Amino acid sequence: MCGIVGAVSTKEKILPILLDGLYALEYRGYDSAGVSYFKDKKIKIIKAKGKVKHLEDKINSEEKTTIGIAHTRWATHGEANTVNAHPHQVKHITLVHNGIIENFLELKEMLEKEGYTFKSKTDTEVAGALLDYYYQTTKDIDETIKKFMSKAVGSYAILFLLDNDDTSIYVLKKESPMIIGLGQHLNLIASDIQAILKYTNTYYLVGDLEYAKVKANEITFYNKDGNEITKDVKTYQEQGDELGKGSYKHYMLKEIEEQKDTVYKTIKKYINKGINSLLELPDLTKYKEINIVACGTAMHAGLIAKYLFQEFTNTRCHVYLASEYRYQNNFFSKNTLTIFISQSGETADTLAALKLVNANNLDSLGIINVKESSIARGVQKVLYLETGKEIAVASTKAYTAQVALLSLLVLSHGYRKKLLSKEEVEDILAEFNNVSTYIKQVLLAKDKYQSIAKEISQEENAFYIGRGLDYYISMEGSLKLKEISYIHSEALAAGELKHGTISLIRKGTPVIACATDKKINSKTVSNLEEVLARGAKVYLLTDDITITNDSFTIVRVPFTSSFLKAIIAVIPLQLIAYYTADLRGTDIDKPKNLAKSVTVE
Ligand code: M6R
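Residues numbered from 1 in each chain as written. Predicted model: local features only at pLDDT ≥ 70, side-chain atom pairs only at ≥ 80, totals over all residues. Heavy atoms only, no water.

**Q** Please clarify how the pairing of strand β23 (residues 510-515) should be interpreted in this entry.
**A** One face of the sheet, then the other: side chains in a regular strand alternate in exactly this way. Where burial is concerned, most of β23 is hidden: 6 out of the 6 residues are buried. Residues Pro510, Ile512 and Cys514 of β23 are buried on one face, and the alternating residues Val511, Ala513 and Ala515, pointing to the opposite face, are buried as well. As defined by bridge partners, strand β21 (residues 461-466) adjoins β23 across 3 bridges and the pair is classed as parallel. Considered in β23, the bridge of Ile465 is made with Ala513. (Buried < 20%, exposed > 50% of the residue type's maximum accessible area, 1.4 Å probe, protein only. Helix = DSSP H or I, 4+ residues; strand = E, 2+ residues; numbered from the N terminus. Pairing = 2+ DSSP bridges.)

**Q** Just checking my understanding: could you explain the pattern of salt bridges for this structure?
**A** Any two side chains of opposite charge can pair, given that their charged atoms come close. Scanning all chains against the criterion turns up 32 salt bridges. One salt bridge connects Asp349 with Arg326, and the closest N-O pair in it is separated by 2.7 Å. Residue Asp349 is found in helix α10 (residues 348-359), and its partner Arg326 is found in the loop between α9 (322-325) and β18 (336-342); the two are separated by 23 residues along the sequence. Comparing Asp349 with Arg326, the two get one shared label, buried. A network of salt bridges, in which partner residues are shared, links Lys173, Asp208 and Lys355. (Salt bridge = Lys/Arg side-chain N within 4 Å of Asp/Glu carboxyl O.)

**Q** Where do I start with the nonpolar core in this structure?
**A** If you look at soluble globular proteins, the nonpolar side chains tend to sit buried side by side. Residues Ile339, Leu408 and Phe432 are the most contacted members of the largest nonpolar core, which totals 94 residues. Here the element with the most residues in this core is helix α18 (residues 562-584); it accounts for 15 residues. Setting aside residues no more than four positions away along its own chain, Phe432 makes contact with Tyr264, Ile267, Ile271, Ala404, Ser407, Leu408, Phe563, Leu564 and Ile567. (Core = buried A, V, L, I, M, F, W, Y, C linked by side-chain atoms within 4.5 Å. Contact = heavy atoms within 4.5 Å.)

**Q** Where do I start with the site of the ligand in this structure?
**A** Close to the ligand lie 15 residues; Ser342, Gln343, Ser344, Thr347 and Glu483 are nearest. One of the backbone N or O atoms of Thr297 is found 3.1 Å from an oxygen atom in the ligand. At 2.4 Å from an oxygen atom of the ligand is found a side-chain nitrogen or oxygen belonging to Glu483. In the complex, the protein chains occlude 90% of the 410 Å² of accessible area that the ligand would expose alone. Mapped by element, the contributors of at least two residues to the shell around the ligand are α8 (296-313) and α16 (469-485). Of the residues in the shell around the ligand, the class split is 6 nonpolar, 7 polar and 2 charged. (Near = heavy atom within 4 Å. Polar contact = N/O pair within 3.5 Å; in protein donor to acceptor, adjacent residues only side chain to side chain. Areas by Shrake-Rupley, 256 points an atom, 1.4 Å probe, with all protein chains shown as cover. Nonpolar A, V, L, I, M, F, W, Y, C, P; charged D, E, K, R; others polar.)

**Q** Would you mind showing me how to read the sheet that holds strand β20 (residues 381-384) here?
**A** Picture the strands of a sheet paired through backbone hydrogen bonds; they go either parallel or antiparallel. A sheet is described by the order of its strands in space; here 5 strands give the open sequence β17-β16-β18-β19-β20, paired in parallel fashion. Of all strands in the sheet, those bounded by a partner on one side alone are β17 (316-321) and β20. Neighbour-to-neighbour, the strand axes of the sheet open up by a mean angle of 20 degrees, direction not taken into account. Bridging between strand β19 (residues 363-368) and β20 involves 4 bridges; their strand directions are parallel. Residue Ile368 lies in a different strand from β20, and its bridge partner there is Tyr384. Running at roughly 170 degrees to β17, α8 makes contact with β16 (289-294), β17 and β18 of the sheet. Helix α12 (residues 397-416) rests against β18, β19 and β20 of the sheet, and its axis sits at about 160 degrees to β18. (Axes fitted to C-alpha atoms, helices over the stretch in contact; angles between N-to-C directions.)

**Q** Help me out: how do you make sense of the packing of helix α15 (residues 446-456) against α18 in this one?
**A** Each packed pair of helices is defined by two parameters, the angle between the axes and the distance between the axes. Axis separation between α15 and α18 bottoms out at 8 Å; the angle between their running directions is 50 degrees. When the axes of α15 and α18 are compared, the pair comes out oblique. Along this stretch, α15 crosses α18, giving a crossing that reads as right-handed. The segment α15 lies against α18, with Lys446, Tyr449, Gln450, Ile452, Ala453, Lys454 and Ile456 engaging Pro572, Leu575, Ile576, Tyr579, Thr580 and Leu583. Residue composition of the contact of α15 with α18, grouped by class: 9 nonpolar, 2 polar and 2 charged. (Parallel < 35°, antiparallel > 145°, perpendicular 65-115°, else oblique. Left-handed = near helix turned anticlockwise from the far one by under 90°.)

**Q** Even after reading the chapter, I still don't get the packing of aromatic side chains, so can you show me in this structure?
**A** Describing an aromatic ring pair means giving the distance of the ring centres and the angle of the ring planes. Under the defined criterion, the tally for this structure stands at 10 aromatic pairs. Ring geometry for Tyr211 versus Tyr222: centroids 4.7 Å apart, planes at 15 degrees, classification stacked. With Tyr211 in strand β12 (residues 210-215) and Tyr222 in strand β13 (residues 218-222), the pair connects residues that are 11 residues apart, well separated along the chain. Summarising the burial analysis for this pair, Tyr211 and Tyr222 share the class buried. Relative to Tyr579, the ring of Tyr578 lies with its centre 5.3 Å away and its plane at 70 degrees, an arrangement referred to as edge-to-face. For the pair formed by Tyr578 and Tyr579, the shared burial category is buried. Three or more aromatic residues joined by ring pairs form one cluster here, namely Tyr320, Tyr325 and Phe332. The aromatic ring of Tyr384 is capped on one face by Lys371, whose charged end is 5.3 Å from the ring centroid. For the cation-ring pair, Lys592 lies above Tyr486, with the distance from its terminal atom to the ring centre recorded as 3.9 Å. (Phe/Tyr/Trp six-rings, centres within 6.5 Å; stacked < 30°, edge-to-face > 60°. Lys NZ or Arg CZ within 6 Å of the ring centre and 35° of its normal.)

**Q** How should unusual backbone geometry be read in this particular structure?
**A** A negative phi angle is the norm for most residues apart from glycine, just as the trans form is the norm for most peptide bonds. That bond from His86 to Pro87 is cis: its omega, 0 degrees, falls within 30 degrees of zero. Along the polypeptide, Pro87 turns up in the loop between β4 (67-73) and β5 (88-90). Positive phi, normally seen in glycine, also occurs at Leu209, with a value near 55 degrees. Along the chain, Leu209 falls in the loop between β11 (202-205) and β12. A relative accessible area of 25% means that Leu209 is categorised as partly exposed. Even without a glycine there, the phi angle at Glu372 is positive, about 65 degrees. Position of Glu372 among the secondary structure elements: in the loop between β19 and α11 (374-378). Classification of Glu372 as partly exposed rests on a relative accessible area of 30%.

See the structure below:
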């Protein structure tokens, strides 16, 4: 999604810093980029459709300037072209913006009556006109910002330059992340810490409905009433991604491989001293119910946790898509814990759902990868994944780490509720201690995944099926395939096939089944026979050595307890999706239309 970077310095070499920031933001997904800066007291704007490289080609990075703002745009209002790309300039104001101004049509109409005309289709240009209108009517920048904040509805992180002030960048924020970094003779502003890590790891957080004036040697913060406020400096501990992709063709493949370390790294402090360390996880016994709220892959991790909570701890658990949760009638109860799962910690819908939970004074727990992200800061308690930065848009190592942490949470809960015995828990912990070995084992069968990918890559539709836990694993496998290979794919509870979807099965349609639950595997196998009889090509992922069938292509995974099944079984599905997409030549790490961090709803 959109990314922002701004810089103001006492030294005259800002453009390479802004370009570094834009390159660091590329992983988020975008379709155009732009920059604006003061040159001899005049504002210059340069924009390009497509990659940051296209923008760089248009820029003379040697040009001397001490102040500038830059943006990568993921199109929301209006197609991806240079007219809609940011920065936008409206008379005195030149701005970049993340988020959505929800009342922009109403504002546009009002501003048109005041004589403003618009070149682009964006809500950002309307925001710029609103700022300009207030600036022209008040001649006072604080009044301008205060009036803007009380009028604009929606979310925004805005940087703007004022045409008669070549020393300041103005920063406004509501519900879209924004930080201000402290460099050497340099202050930086960004929507994402990654954009500035090359220059600094110390920063201030801009809060909701706050604004700031940033100069090379001075940063001043204000609340929405225009009163000056003070802030603490924060330090970001994690290193930037210095290693890059290494010898890997794509980040996604690197991140899939990394799972042999990242799962264990995430859970080791909860397993290395046996049950004692497990009990360092939060005690959930006071809750009657667990709600899980998340989006996409993180939601799929939530479904695995739901299965385990219900199956092993007799605790009712609901999983909600954050985009639904935020608008539905929720029955908030003090006896409920709400768990928010998010790799980025910035997903707009998940964040909005968290605000709802906080507004109702309910307990919350976050399972988050990015430290100090908005969701991590908003929850009562946070458990961090230790996977390092996930760059590929398709989430892989975050998913397995999320599942592992959640599984341990279930395990500790079951033990505390005396529904799992000490021996049972110790056996499962022993498995978790071996998780890297299991993962290495499944990573080895690459030839098999590649040959399956070769067959699937010829098709335009695929179906994933499973029952219980296997259905939830299938959902993740299906999402991986469709988002990077652009093959249409659906996951179904195996028993649902004949209630409609089986009509789509024809000769050669790939049907990929997961069957890792001995109690119900035979049912899934029967469903596979049904699609086989209708011409489907059948692939079966199983840990059940008793299943043999020459008509199926069988992928065997090691047998584990239910607590590890999703972690182990998803890896072949990730690799099948990866190799399929690679054969189809897609942009695997940055699939079209997708963004790593979905910061608008
Ligand atoms: O950062 P989050 O975990 O909150 O992101 C949620 C989804 O946007 C994300 O999992 C998305 O579905 C991925 N592209 C899936 O690979």
